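Working through the structure, step by step
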Amino acid sequence: MSHAQLKLAQEAIEAKGWWGAHRFLILRRVSQLSILFLFLMGPWLGWWLVKGNLNYSLTLGILPLADPLVLLQSLLARHVPERNALLGALIITVFYLLVGGRAYCAWVCPVNLVTDAASALRRKLDIRGGGDLPRATRYWILALILLLAASTGGIVWELVNPVSMLPRGLMFGMGAGWLMIGGIFLFDLFVMKNGWCGHLCPVGAFYSLLGRFSVVRVTANQRAVCNDCLDCFTVCPEQQVIRLPLKGAKKGASPIILSGNCTNCGRCIDVCSKDVFTWTSRFKPKLDNGLQVLSNP
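Residues numbered from 1 in each chain as written. Predicted model: local features only at pLDDT ≥ 70, side-chain atom pairs only at ≥ 80, totals over all residues. Heavy atoms only, no water.

1. Topic: the sheet that holds strand 6 (residues 278-281)
The antiparallel open sheet is built from three strands, whose spatial order is 5-4-6. Pairing within the sheet leaves two strands with one partner each, and these edge strands are strand 5 (256-257) and strand 6. (Pairing = 2+ DSSP bridges. Helix = DSSP H or I, 4+ residues; strand = E, 2+ residues; numbered from the N terminus.)

2. Considerations on a nonpolar patch on the surface
Together, Leu38, Leu49, Leu60, Ile62, Leu63, Leu87, Leu90, Ile91, Val94 and Leu98 line one region of the surface with nonpolar side chains, adding up to about 880 Å² of accessible area. When residues of the nonpolar patch are assigned to their parent elements, the largest contribution, five residues, is made by helix 3 (residues 83-99). Among the secondary structure elements, Ile62 is positioned in the loop between strand 2 (56-59) and strand 3 (63-66). (Patch = residues over 30% accessible without salt bridge, like charges linked within 9 Å, V, L, I, M, F, W, Y side chains within 5 Å. Areas by Shrake-Rupley, 256 points an atom, 1.4 Å probe, with all protein chains shown as cover. Salt bridge = Lys/Arg side-chain N within 4 Å of Asp/Glu carboxyl O.)

3. What to know about the nonpolar core
Ranked by size, the top nonpolar core spans 48 residues in total, and within it Tyr104, Ile242 and Phe277 carry the most contacts. The element that contributes the greatest number of residues to this core is helix 10 (residues 202-211), accounting for five residues. Excluding residues that lie within four positions of it along the chain, Tyr104 makes contacts with Leu54, Tyr96, Cys109, Val163, Val203 and Tyr207. Residues Ala9, Ala12, Ile13 and Val235 belong to the second largest nonpolar core, which totals six residues. (Core = buried A, V, L, I, M, F, W, Y, C linked by side-chain atoms within 4.5 Å. Buried < 20%, exposed > 50% of the residue type's maximum accessible area, 1.4 Å probe, protein only. Contact = heavy atoms within 4.5 Å.)

4. Topic: the pattern of salt bridges
Considering all chains together, one arrives at ten salt bridges under this definition. Among the salt bridges present, the one from Asp270 reaches Arg23, with a minimum N-O distance of 3.9 Å. One end of the pair, Asp270, is in helix 13 (residues 267-271); the other, Arg23, is in helix 1 (residues 10-45), with 247 residues separating them in the sequence. Take Asp270: its relative accessible area is 0%, and that puts it in the buried class. Linked through salt bridges whose partners overlap, the residues forming this network are Arg102, Arg135, Arg138 and Glu238.

5. Side note on the sheet that holds strand 1 (residues 50-52)
Strand order in the open sheet made by the three strands is 1-2-3, with antiparallel pairing throughout. Strands with a single pairing partner mark the edges of an open sheet, and in this sheet they are strand 1 and strand 3. The average undirected angle you get between the axes of adjacent strands in this sheet is 20°. In the sheet, strand 2 pairs with strand 3 via four bridges, with the strands oriented antiparallel. The residue of strand 3 that forms the bridge with Tyr56 is Ala66. (Axes fitted to C-alpha atoms, helices over the stretch in contact; angles between N-to-C directions.)

6. A short note on the environment of Leu244
Within the secondary structure, Leu244 is located in helix 12 (residues 240-247). The spatial distance from the C-alpha of Leu244 to the C-alpha of Pro255 is 7.8 Å, given a sequence separation of eleven residues.

7. Quick notes on the pairing of strand 3
Of the two faces of strand 3, the one holding Pro64 and Ala66 is buried and the one holding Leu63 and Leu65 is not buried anywhere. Here strand 2 hands over to strand 3 after three residues, with Leu60 in that stretch at a positive phi of 55°.

8. Regarding the side chain of Glu158
Within the secondary structure, Glu158 is located in the loop between helix 6 (137-152) and helix 7 (162-172). The side chain of Glu158 is buried and forms no salt bridge, while Arg168, the nearest opposite charge, is found at 5.0 Å. If near-sequence neighbours (up to four positions away) are discounted, Glu158 is found in contact with Asn55, Val70, Gln73, Ser164 and Arg168. (Lys, Arg positive; Asp, Glu negative; His and termini not counted.)

9. A few points about the environment of Lys16
Tracing the backbone shows Lys16 in helix 1. Sequence separation of Lys16 and Ile62 is 46 residues, and the distance between their C-alpha atoms is 42 Å. Ignoring anything within four residues of it in the chain, the contact list for Lys16 reads Ile269, Asp270, Cys272 and Asp275. Of note is the side chain of Lys16, whose polar atom sits 2.9 Å from the backbone oxygen of Asp270. One polar contact links the side chain of Lys16 to the main-chain carbonyl oxygen of Cys272, over a distance of 3.1 Å. (Polar contact = N/O pair within 3.5 Å; in protein donor to acceptor, adjacent residues only side chain to side chain.)

10. Here we look at helix 10
Of all ten residues in helix 10, nine are buried; the element is thus mostly enclosed. Buried within helix 10 we find Pro202, Val203, Gly204, Ala205, Phe206, Tyr207, Ser208, Leu210 and Gly211.

11. Side note on helix 1
The periodicity of an α-helix, 3.6 residues per turn, causes residues three or four positions apart to be oriented the same way. The end-to-end C-alpha distance of helix 1 is 41 Å, clearly below the 52 Å that 36 residues give at a rise of 1.5 Å each. A bend of about 120° at Lys16 is the largest found in helix 1. In the stretch just after helix 1, Gly46 is the one whose phi turns positive, near 80°. (Expected span 1.5 Å × (residues − 1). Bend = angle between axes of the 7 residues up to and from the residue.)

Pasting the structure below:
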């Protein structure tokens with residue numbers, strides 16, 4: 001029987017209990033669904049605590065929040081943004097510089113619900129292999145959408161952006177939008193593991209650039225007690241960010257995951273029965289069992 005067929009995080013459940021092995025997964029779902037519901041309350045129930053969408057919103061008529069990627073496209077398209085849009089983008093940028101840019105992907109983005117469902121079903125069905133694309137593809141797509149904004153004078157990406165399409169469709173009707181969302185689910189399920197978020201999504205690529213400088217990080221500070229169960233690699237959507245911090249002690253590599261592609265989802269913390277992983281700050285001394293190690297971003 002393959003590792004994927006075994007019950008994931010069974011050792012962690014036995015060591016820490018069910019909640020301890022799933023707490024950050026549950027908290028992420030609460031965060032994602034709560035944020036989505038805040039936007040849906042107005043159109044569905046007439047409770048306008050938040051007006052707008054993930055591109056731009058106004059909370060309680062006071063707090064503006066704006067997607068910095070949309071603002072950047074707007075500037076390249078030679079549109080003059082309003083003061084609230086600039087302020088909202090600044091607030092979001094500072095926030096994700098603190099907590100981790102790709103925390104947006106794990107804790108806010110509604111499409112992550114779709115891709116995580118595909119990933120879980122893929123593990124359950126033990127689907128292996130599939131297509132392969134360089135992870136750098138998402139950065140080329142990011143460059144393309146910025147080029148399109150500059151050359152067309154419009155924010156072309158928002159016509160097909162599934163991150164905007166999903167909540168907008170729930171508000172006003174999905175229509176053909178289900179083809180995009182369903183296509184992403186099937187792509188991740190049958191074609192490529194973590195294909196959309198890990199290889200194609202330009203929104204994730206943009207936030208990973210912010211994430212390179214963020215303060216809150218995950219660290220494998222207890223990597224010496226790792227028992228090689230591989231559960232952390234199984235659940236991580238960006239497995240490459242774990243490898244060196246977890247297994248690079250002999251090379252003097254820092255146990256802190258400094259890659260901007262880490263989504264700060266916390267699942268590696270959940271599923272590790274040995275508590276190898278925990279939260280830390282990028283400015284905390286990089287220690288491994290009391291010995292200082294070299295920083296390796």
